[in-house]
Amino acid sequence: MAVLNVVLHMDDPDDRRLGIGLTNLENLIRAAGGPAHVNAHFVVNGPGVLLFRELAADFAERLFGLAEAGVHFVACQNALRAKGMDVSELPLGMKTVPAGILELVRLQQEEGCAYIKP
């Protein structure tokens with residue numbers, strides 16, 4: 001099986017949707033035959049960054065496990081600034097990009113990622 005390229009987009013501070021997104025990724029990796037078959041990105045922008053200010057322990061554990069499996073978690077620096085957040089408030093394993101919208105477009109156009117919005 002070819003490597004599947006996917007980007008999940010979170011811009012809503014709804015923890016239920018975050019749970020759905022993490023489950024989507026876990027199920028995709030399992031169904032595809034493991035992390036070697038999936039190139040996954042999770043882009044957070046807008047009010048969605050607020051979810052990561054005080055991430056619940058179960059979500060943090062799942063995020064860390066997915067990051068260990070190769071999922072790239074990124075938060076928009078513009079959104080962090082707009083919400084008065086510092087990079088240090090993000091969970092371990094999450095990086096930043098200057099503009100989440102640009103990253104979404106880049107991943108779809110340059111890396112051929114399928115766009116998923118949980």
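For the structure, see preceding data.
Right, let's walk through the structure included here. Computed from a predicted structure; not experimentally measured.

**Overview of the overall build of the protein**
Counting its secondary structure elements, the protein contains 4 helices and 5 strands. The helix and strand sequence of the protein, counted from the amino end, reads β-α-β-α-β-α-β-α-β. The globule rule puts the C-alpha radius of gyration for 118 residues at 13 Å, and the 13 Å found for the protein is close to it. Dimensions of the protein, computed from the C-alpha atoms along their principal axes, are close to 45 × 30 × 20 Å. By the burial criterion, 42% of the 118 residues in the protein qualify as buried. Within the protein, residue pairs in contact and separated by at least 24 positions form 74% of the contacts whose partners lie at least 6 positions apart. As displayed, the protein offers around 6,000 Å² of accessible surface, 56% of which is attributable to carbon and sulfur atoms.

**Comments concerning helix α4 (residues 100-110)**
What α4 keeps buried is the set G100, E103, L104 and L107. Summarising the axial view, the buried residues of α4 lie within an arc of 100°, below the 170-degree limit, and thus occupy one face. Turned more than 90 degrees away from the buried face of α4, the exposed residues are I101, L102, Q109 and E110.

**Describing the environment of D86**
With respect to the secondary-structure elements, D86 resides in the loop between α3 (77-82) and β4 (94-97). On a C-alpha basis, the gap between D86 and G48 in space is 14 Å, while along the polypeptide they are 38 residues apart. Within the local environment of D86, its side chain forms a polar contact with the side chain of S88, the two groups lying 2.6 Å apart.

Definitions and cut-offs
Residues numbered from 1 in each chain as written. Predicted model: local features only at pLDDT ≥ 70, side-chain atom pairs only at ≥ 80, totals over all residues. Heavy atoms only, no water. Helix = DSSP H or I, 4+ residues; strand = E, 2+ residues; numbered from the N terminus. Rg over C-alpha atoms; globule rule 2.2 N^0.38 Å. Buried < 20%, exposed > 50% of the residue type's maximum accessible area, 1.4 Å probe, protein only. Contact = heavy atoms within 4.5 Å. Areas by Shrake-Rupley, 256 points an atom, 1.4 Å probe, with all protein chains shown as cover. Arc of directions from axis to C-beta. Polar contact = N/O pair within 3.5 Å; in protein donor to acceptor, adjacent residues only side chain to side chain.

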